[in-house]
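# Per-entry structural report
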Amino acid sequence: MTSSSQLTPVLSVQNLKVRYSGNLAVDVQSLEVGRGEVVGVVGANGAGKSSLVNGLLDWSRGVAQVTGNVRLDGALLDSIPTHQRIRSGLLLVPEGRLIFSQLSVHENLTTSFDQVNTDYRRIYSRDDVYDLFPRLKERRHHLGSQLSGGERQMLGIGRALMMGPKLLMLDEPSIGLAPMLVSQVLQTMKTLARAGLSILLVEQNVRAALSVVDRLVLLERGRIVMQGSAVEMENSPRIAEAYLGTH
Amino acid sequence: MSNLLQQIINGIVIGHAYALVAIGWTLLLGVARLVNFGHGQMYMLGAFVTWWAFAKAGMPYWAAVPISMGVGAIIGLIMQKVMLRATFDQNLVSIMIMTLGFGYVLHGVAALIFGSTGQVLDTPWSQIEFEYGELWLTAQDLAIILAAVIIFIGLNWLLNSTRYGRLVRMVAEDPKLAQLAGINVRRIYFGVFAFEGAAVAFAAGMVAPRTPILTSMGFDEVIMTFVVVVLGGIGSVRGSYIAGVGLGIFTSLFAALVAPAYTTAAAFLLLIAVLVIRPKGLGAKVGSGAH
């Protein structure tokens, strides 16, 4: 690892636009995630949070048209298909269907490709994931479809960790989870961040996001309207009023 | 009594033939959720390439079949290349029409190359007969049964116990999520289409020696394959084996005891009846594992 690579942000985005049949859903001029940094993306429903992280992978459940420059560790990803972006370490735990429900937990925790260039990334083994989430080890013979929401989230994160993330993107990991499970997922994120993992966290729950992130980005109608450190953002009247329900 | 037994034996042979012919489409439907109405003409072409390599080019039968499989695989790849966009978009109407049209193109090309007269694929195995009292069976028939059993067991093993099989099941369940697992989904689709092409050519090489072959054939094969695949439960490997053998015995007994002219109609009646009683067919789809 050279000193210059430490200075290069792990993710750098310029002029990202995501369109659905002509309608502009995301229009982000510039966004960076530093190495080891945890950045939160918050905003209301439909603000374009998911479209943003999906767009970074040129991936979508629908038919999206993505333009702009995305760099991972300085390397331009633009002309690279989704599965290659994944292999290079830009990983996403998507919202909704995030695991294979007809595969067992054990099978879900089997990588689909051999890592060639691992750089500085840590590649978790299945046992590492079981250490992180003992619950998954207990349920290793169950099918994905038999897992609870919280367990699916753990499995989704575990799967991503085994693919060797340079940047881990999580799309609403707390959605639909009971409060206790939400704090458990956030706790896991803190553990991973402390171990040096760079994380881009999409959250509708701003309070939850503020408890783990270093920096927060506020998205409205696909544009970044505000960003700052967690402390700055927490004390901003705009955030407090619109997203935290306090004055 | 021995007539009835002979009909059941015929049914078992025909049933394994149905299952063998259907296997490529079963995987295609289970993994890529695609139909291929050019399947029957691919069968026809497989039969003619085998016949050409064997009867015209003078190759041994065991070498002619793999050549036909190679041609079948290439045709499958070409088809997938043409239909890739529609595959990703799951545009089923386009795919139906394109595959139907592709079948007609294959028919035209085959008629140009091989002519419109019937041929007989007279393999060495068709000459060997086993007799027991009034019952009889050729070595070719035995080979069909054996090949079907081996291929179904092999495919089941491949899908459930190998890394490639796991990737195929992942794409079958959720191609979008498979991309996020770093899988080259396009390559899996190509693999499945090449398998479809090679498998139907193999089936043709095994099954076509039972009847004279014509470049205009293919309709019966695609219809029976359709019935087997739907009866077996869309995309279920084990289901289509059971459905194939069951349908073979049913049509053979129906032809012997009722009337041979109405067997296709009877097969469809059976299909409708099963769908009313068990809407999802006799098995589950590939993604759910053929456990």
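Residues numbered from 1 in each chain as written. Chains lettered and ligands numbered in written order. Predicted model: local features only at pLDDT ≥ 70, side-chain atom pairs only at ≥ 80, totals over all residues. Heavy atoms only, no water.

Per the stated rule, a full pass over the model turns up four cavities of 30 Å³ or more. Computed from the structure, the largest cavity encloses a volume of approximately 70 Å³. Elements supplying a minimum of two residues to the lining of the largest cavity: strand S6 (90-93) and helix H7 (149-162) of chain A together with helix H8 (175-180) of chain B. Looking at side-chain class alone, the lining of the largest cavity contains nine nonpolar, one polar and one charged residues. (1 Å grid on protein atoms, 1.4 Å probe; cavity = no way out; pocket = protein on both sides within 12 Å on 5 of 7 lines; lining within 4 Å. Points joined across faces, edges and corners; volume = space filled by probe spheres on them. Helix = DSSP H or I, 4+ residues; strand = E, 2+ residues; numbered from the N terminus. Nonpolar A, V, L, I, M, F, W, Y, C, P; charged D, E, K, R; others polar.)

Turning our attention to the sheet that holds strand S8 (residues 198-203) of chain A. Residue and element names in this part refer to chain A. Read across the open sheet, the six strands follow the order S6-S7-S8-S3-S9-S10; overall the sheet is mixed. Looking along the sheet, the strands with just one partner apiece sit at the ends: S6 and strand S10 (223-229). Recorded for the sheet is a direction-independent mean angle of 20° between the axes of neighbouring strands. Taken together, the five bridges between strand S3 (residues 38-42) and S8 define a ladder with parallel strand orientation. By the bridge assignment, Val 42 is partnered in S8 with Glu 203. (Pairing = 2+ DSSP bridges. Axes fitted to C-alpha atoms, helices over the stretch in contact; angles between N-to-C directions.)

Take unusual backbone geometry next. All names here are of chain A. With a phi close to 55°, Asp 58 is a non-glycine residue in the positive phi region. Along the chain, Asp 58 falls in the loop between helix H2 (49-56) and strand S4 (64-72). Here Glu 172, not a glycine, exhibits a phi torsion of approximately 50°, which is positive. Assignment of secondary structure puts Glu 172 in the loop between strand S7 (167-171) and helix H8 (179-194).

Each side of the interface is counted separately: chain A has 26 residues, and chain B has 20 residues. With both sides pooled, the region where chain A packs onto chain B buries about 2100 Å², and carbon together with sulfur makes up 51% of that total. Looking only at chain A, the three residues that lose the most surface to chain B are Phe100(A), Gln102(A) and Ser112(A), adding up to 32% of its buried area. Inspection of the region where chain A meets chain B yields four salt bridges. A salt bridge links Asp174(B) to Arg61(A); its shortest N-O distance comes to 2.9 Å. Remark: the boundary between chain A and chain B carries twelve residue pairs in polar contact (both at pLDDT 80 or more). Ranked by residue count, the leading element in the side of chain A that touches chain B is helix H3 (residues 82-87) of chain A, at four residues. Here the residues of the side of chain A that touches chain B sort into eleven nonpolar, nine polar and six charged. (Contact = heavy atoms within 4.5 Å. Buried area = accessible area lost by both parts, 1.4 Å probe. Salt bridge = Lys/Arg side-chain N within 4 Å of Asp/Glu carboxyl O. Polar contact = N/O pair within 3.5 Å; in protein donor to acceptor, adjacent residues only side chain to side chain.)

Attention now goes to a nonpolar patch on the surface. All names here are of chain B. Together, Leu 4, Leu 5, Ile 8, Leu 257 and Val 258 line one region of the surface with nonpolar side chains, adding up to about 420 Å² of accessible area. If one sorts the elements of the nonpolar patch by residue count, helix H1 (residues 2-32) sits on top with three residues. Following the sequence through the fold, Leu 257 ends up in helix H11 (residues 237-257). Exposure remark for Leu 257: the relative accessible area of 61% places this residue in the exposed category. (Patch = residues over 30% accessible without salt bridge, like charges linked within 9 Å, V, L, I, M, F, W, Y side chains within 5 Å. Areas by Shrake-Rupley, 256 points an atom, 1.4 Å probe, with all protein chains shown as cover. Buried < 20%, exposed > 50% of the residue type's maximum accessible area, 1.4 Å probe, protein only.)

Right, let's get into the sheet that holds strand S5 (residues 75-76) of chain A. Residue and element names in this part refer to chain A. Within the open sheet, the four strands sit side by side as S2-S1-S4-S5. Their pairing is antiparallel. Two strands close off the open sheet at either side, each with one partner strand: strand S2 (23-33) and S5. Sheet topology note: the S4/S5 ladder contains two bridges and is antiparallel. Within the sheet, the bridge partner assigned to Arg 71 lies in S5 and is Leu 76. Relative to strand S1 (residues 11-20), H2 is tilted by about 115°, and along the sheet it contacts S1, S2 and S4.

Moving on, we come to the confidence of the model for chain B. Residue and element names in this part refer to chain B. Summarising the model, chain B shows a mean pLDDT of 90, and 96% of its residues fall at 70 or more. Every residue in residues 287-291 is under pLDDT 50, and counting partners more than four places away or in other chains gives ten contacts. The ipTM value of the predicted complex is 0.92, and its pTM value is 0.89. (pLDDT = per-residue confidence, 0-100.)

Residue and element names in this part refer to chain B. Where helix H2 (residues 39-56) contacts helix H9 (residues 185-207), the axes come no closer than 8 Å and their chain directions differ by 55°. Taken together, the axes of H2 and H9 lie oblique to each other. As H2 packs across H9, the resulting crossing turns out to be right-handed. Along its contact with H2, which presents His 39, Met 42, Tyr 43, Gly 46, Ala 47 and Thr 50, the element H9 presents Glu 196, Gly 197, Val 200, Ala 201, Ala 203, Ala 204, Gly 205 and Val 207. (Parallel < 35°, antiparallel > 145°, perpendicular 65-115°, else oblique. Left-handed = near helix turned anticlockwise from the far one by under 90°.)

On to the nonpolar core, then. The tendency in soluble globular proteins is for nonpolar side chains to be buried side by side. Counting residues in each nonpolar core, the largest one holds 159 residues, and the members touching the most others are Leu11(A), Leu168(A) and Leu200(A). Among the elements that make up this core, the one with the highest residue count is H1(B) (13 residues). (Core = buried A, V, L, I, M, F, W, Y, C linked by side-chain atoms within 4.5 Å.)

Our focus in this paragraph is the environment of Met169(A). All names here are of chain A. Along the chain, Met 169 falls in strand S7. Separated by 130 residues in the primary sequence, Met 169 and Val 39 place their C-alpha atoms 9.6 Å from one another. Beyond its immediate stretch of four places on either side in the chain, Met 169 contacts Val 53, Leu 56, Leu 57, Leu 90, Leu 91, Leu 92, Val 93 and Leu 200.

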